[in-house]
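Residue-level structural notes
Next come the chains, spelled out residue by residue.
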Amino acid sequence: MKTILVTGGSGWLGSAVVRRLLERGDRVVSADIGINPGLAALARSNDGLINEVADLGEWSQVMRLFDKHPIDAVVHTAAIVGVLQCADIPAKALRVNVEGMVNLLEAMRFHGVKRVIHVSTEETYGDFLSESITEDHVQKPTSIYGLTKLAAEHYGDVYSRDHGLECIHVRTCWVYGPNLPRPRMPQTYVDAALRGERLHHRSGGDLAVDQVYIEDTVTGLLLALDKEEHRFRAYNVATGEAPTLSQVAALVAAEVPGADLQIDAGPYSHGDRIPTARKGALDISRARAELGYEPAFPIGKGIALMVRISREARGN
Ligand SMILES: NC(=O)c1ccc[n+]([C@@H]2O[C@H](COP(=O)([O-])OP(=O)(O)OC[C@H]3O[C@@H](n4cnc5c(N)ncnc54)[C@H](O)[C@@H]3O)[C@@H](O)[C@H]2O)c1
């Protein structure tokens, strides 16, 4: 049984990682700026979980986590997340995503903790130069979010080289599933369909992007965490396919009779103000070969599950 520090453990992806680690019997220290009520309740019934309030931007608070707990490895999910959010609070994004990473790496170095699985993103690649890209694709981010996540990757690489750490980047793509805390497809399509509302987007239908169900991303992270020895420092973890937003909307409509979703062709912008980088599929051959990763939720299956869970939560 290991003790895993999950940074950002109260977050959407982080809390899913926490739950999966607990299910398999690991001890978890979940650290975040606030405690998710679900995890607070879970800690009362599961003494394998300790929730800690800590700001990764504060060096002393990060060190305290390692002073207090015998941490074996880290899954680093804490971040200011998303193209829009980082564009709106760029200095904070720098502080949390980059300085927070440096504080974490320094604390690990000081305490002799070797491995961190860093949840990274396809935004570090910038414009995809082909429909499907490998981990060797050029990394030239077009967004502040991508810039900060790439800087965090670079810090992890330098610490790995200079201090014997093992910082492994798991680059996932658009992760979907119930209760994502930001408005994004396919959640917005599912919500409109289940409310019986007409949804008409005048552009964006052509955007082809790899959409990965949250449980598959968590599986990839844990496979990377568990692998004895890594030959690579980065893995794409997604589905390897890139349906267009129009196709995703059609899949939602097929699950919700009477849904009225119209996604017109044309480019996609984040919040109608920041053009998206050119996207596509993440080639997951390396994760398949090295980690034994196999996505369990092709897009149709993931959408069907998401609709079912969302329907149950709404009581319709
Ligand atoms: N959701 C996606 O589609 C997606 C795709 C690719 C990569 N990622 C990465 O996955 C990770 C988690 O994303 P998410 O979607 O769960 O977002 P989220 O916002 O739900 O989770 C991020 C968590 O980090 C915490 N946090 C923020 N500032 C902090 C600080 N100073 N100290 C400690 N904790 C802090 C937040 O409170 C939050 O709980 C991020 O690293 C993100 O870059 C997400």
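Residues numbered from 1 in each chain as written. Predicted model: local features only at pLDDT ≥ 70, side-chain atom pairs only at ≥ 80, totals over all residues. Heavy atoms only, no water.

Observations concerning the sheet that holds strand β3 (residues 49-53)
Rules: Strands are treated as partners if at least two bridges between them are detected by DSSP. In DSSP terms, a helix is any run of H or I states spanning at least four residues, a strand is any run of E spanning at least two, and both are numbered starting from the N terminus. Every axis corresponds to a line fitted to the C-alpha atoms, with the helix fit spanning only the stretch in contact, and the corresponding angles, defined between N-to-C directions, vary from 0 to 180 degrees. Note on definitions: a residue-residue contact is assigned when non-hydrogen atoms from the two residues lie within 4.5 Å.
Within the open sheet, the seven strands sit side by side as β3-β2-β1-β4-β5-β7-β11. Their pairing is parallel. In the strand order of this sheet, the two ends are held by β3 and β11 (234-237), each with one partner. For this sheet, the mean angle separating the axes of adjacent strands, direction not counted, is 20°. Here seven bridges tie strand β5 (residues 115-121) to strand β7 (residues 166-172), and the two strands are oriented parallel to one another. Counterpart to Ser 120 in the pairing with β7 is Arg 171. Strand contacts of helix α1 (residues 12-23): β1 (3-7), β2 (27-32), β3, β4 (73-76) and β5, with the helix running at about 165° to β1, the strand carrying the most contacts.

Things to note about the state of the cysteines
Let me state the cut-off plainly: What counts as a disulfide here is a pair of cysteine sulfur atoms lying within 2.5 Å. The rule is simple: take the accessible area with a 1.4 Å probe, protein chains only, and divide by the maximum for that residue type; under 20% is buried, over 50% is exposed, in between is partly exposed.
Enumeration according to the criterion identifies zero disulfides in this entry. In this structure Cys 86 is a free cysteine whose sulfur lies 16 Å from that of Cys 173, the closest cysteine sulfur available. Just so you know, Cys 167 is unpaired, no disulfide at all, and the nearest cysteine sulfur is the one on Cys 86, 18 Å from it. Residue Cys 167 is classed as buried on the basis of its relative accessible area, which comes to 2%.

A look at the pairing of β5
Among the seven residues of β5, seven are classified as buried, and the element is accordingly described as predominantly covered. With burial as the criterion, each face of β5 is covered, one bearing Arg 115, Ile 117, Val 119 and Thr 121 and the other bearing Val 116, His 118 and Ser 120.

A short note on the pairing of β7
For β7, the buried fraction is high: seven of the seven residues fall into the buried class. Where burial is concerned, the two faces of β7 agree: the one with Glu 166, Ile 168, Val 170 and Thr 172 and the one with Cys 167, His 169 and Arg 171 are both buried. One ladder, built from four bridges, connects β7 with β11; its direction is parallel. Paired with His 169 across the strands is Ala 234, a residue of β11.

What about helix α7 (residues 187-195)?
Within α7, the full set of buried residues consists of Gln 187, Tyr 189, Val 190, Ala 192, Ala 193 and Leu 194. Buried residues along α7 sit in contact with β9 (198-201), α9 (245-255), β12 (260-263) and α11 (299-314). Gly 196 lies just past α7 and shows a positive phi near 75°.

Re unusual backbone geometry
Each neighbour pair has its own omega, and for Met 185 with Pro 186 the value is 0°, a cis peptide bond. Mapped onto the elements, Pro 186 comes out in the loop between β8 (174-176) and α7. Positive phi is not limited to glycine here, since Asn 179 has a value of about 70°. For Asp 272, which is not a glycine, the phi torsion comes out positive at approximately 60°. Considering the arrangement of structural elements, one finds Asp 272 in the loop between β13 (269-270) and β14 (274-275).

Observations concerning the site of the ligand
For the record, the criterion: Here, proximity means that at least one heavy atom of the residue falls within 4 Å of the molecule or strand. Whenever two N or O atoms come within 3.5 Å, that pair is a polar contact, provided that in protein one can donate a hydrogen and the other can accept it, and provided that, for residues adjacent in sequence, both atoms are side-chain atoms. To measure how exposed things are, a 1.4 Å probe is used in the Shrake-Rupley method; for residues, cover is taken only from the protein chains shown. The domain boundaries here were taken from an automatic or database domain assignment.
Taken together, 27 residues lie around the ligand, and Leu 13, Asp 32, Tyr 145, Lys 149 and Arg 182 are the ones closest in. Interatomic distance of 2.8 Å between a side-chain N/O atom of Asp 55 and a nitrogen atom of the ligand. Note that an oxygen atom of the ligand is positioned 3.0 Å from one of the backbone N or O atoms of Val 175. Protein coverage of the free-state accessible area of the ligand, which is 820 Å², stands at 91%. With three residues, β5 is the largest single contributor of residues to the shell around the ligand. Residue contributions to the shell around the ligand reach at least three from each of two domains, namely domain 1 (3-175 + 211-237) and domain 2 (180-210 + 241-282 + 298-314).

Topic: the domain arrangement of the protein
In plain terms, the rule: As a working definition, buried area equals the accessible area (1.4 Å probe) given up by two parts on being put together, with both sides summed.
The domain boundaries assigned to the protein delineate domain 1 (3-175 + 211-237) and domain 2 (180-210 + 241-282 + 298-314). Computed from C-alpha coordinates alone, the two centres of domain 1 and domain 2 are separated by 26 Å. Taken together, the contact pairs 26 residues of domain 1 with 28 residues of domain 2. Across the interface of domain 1 and domain 2, roughly 2,300 Å² is buried in total on both sides, 60% from carbon and sulfur atoms.

Observations concerning the packing of α1 against helix α8 (residues 214-226)
Let me state the cut-off plainly: Throughout this description, any angle smaller than 35 degrees is read as roughly parallel, any larger than 145 degrees as roughly antiparallel, any in the 65 to 115 degree range as roughly perpendicular, and the remainder as oblique. Definitions for this section: a left-handed crossing has its near helix turned counterclockwise from the far helix by less than a right angle. A right-handed crossing has that turn clockwise. Gly is put with the polar residues, along with every residue not named as nonpolar or charged; the nonpolar set is Ala, Val, Leu, Ile, Met, Phe, Trp, Tyr, Cys and Pro, and the charged set is Asp, Glu, Lys and Arg.
With their axes 10 Å apart at the nearest point, α1 and α8 run at an angle of 60° to one another. By the angle between their directions, the pair α1 and α8 is classed as oblique. Considering how the two elements wind past one another, α1 and α8 form a crossing that is right-handed. Touching Trp 12, Leu 13, Ala 16, Val 17, Arg 20 and Leu 21 of α1 are Ile 214, Glu 215, Thr 217, Val 218, Thr 219, Leu 221, Leu 222 and Leu 225, all from α8. Its residues assigned to classes, the contact of α1 with α8 shows 10 nonpolar, two polar and two charged.

A closer look at the pattern of salt bridges
Put simply, the test is: By convention in these notes, a salt bridge is any Lys or Arg side-chain nitrogen within 4 Å of a carboxyl oxygen on Asp or Glu.
Under the defined criterion, the tally for this structure stands at 23 salt bridges. Between Lys 68 and Glu 52 there is a salt bridge whose closest N-O contact spans 2.7 Å. Taken together, the positions of Lys 68 in helix α3 (residues 59-68) and Glu 52 in strand β3 put the pair 16 residues apart, joining distant regions of the chain. Overall, Glu 52 belongs to the buried group, its relative accessible area being 7%. Residue Arg 286 is joined to Asp 136 by a salt bridge in which the shortest nitrogen-to-oxygen separation is 3.6 Å. Of the two residues, Arg 286 sits in helix α10 (residues 285-291) while Asp 136 sits in the loop between β6 (132-133) and α6 (144-163), which places them 150 residues apart along the sequence. Taken together, the shared-partner salt bridges connect Glu 153, Asp 157, Arg 171 and Arg 233 into one network.

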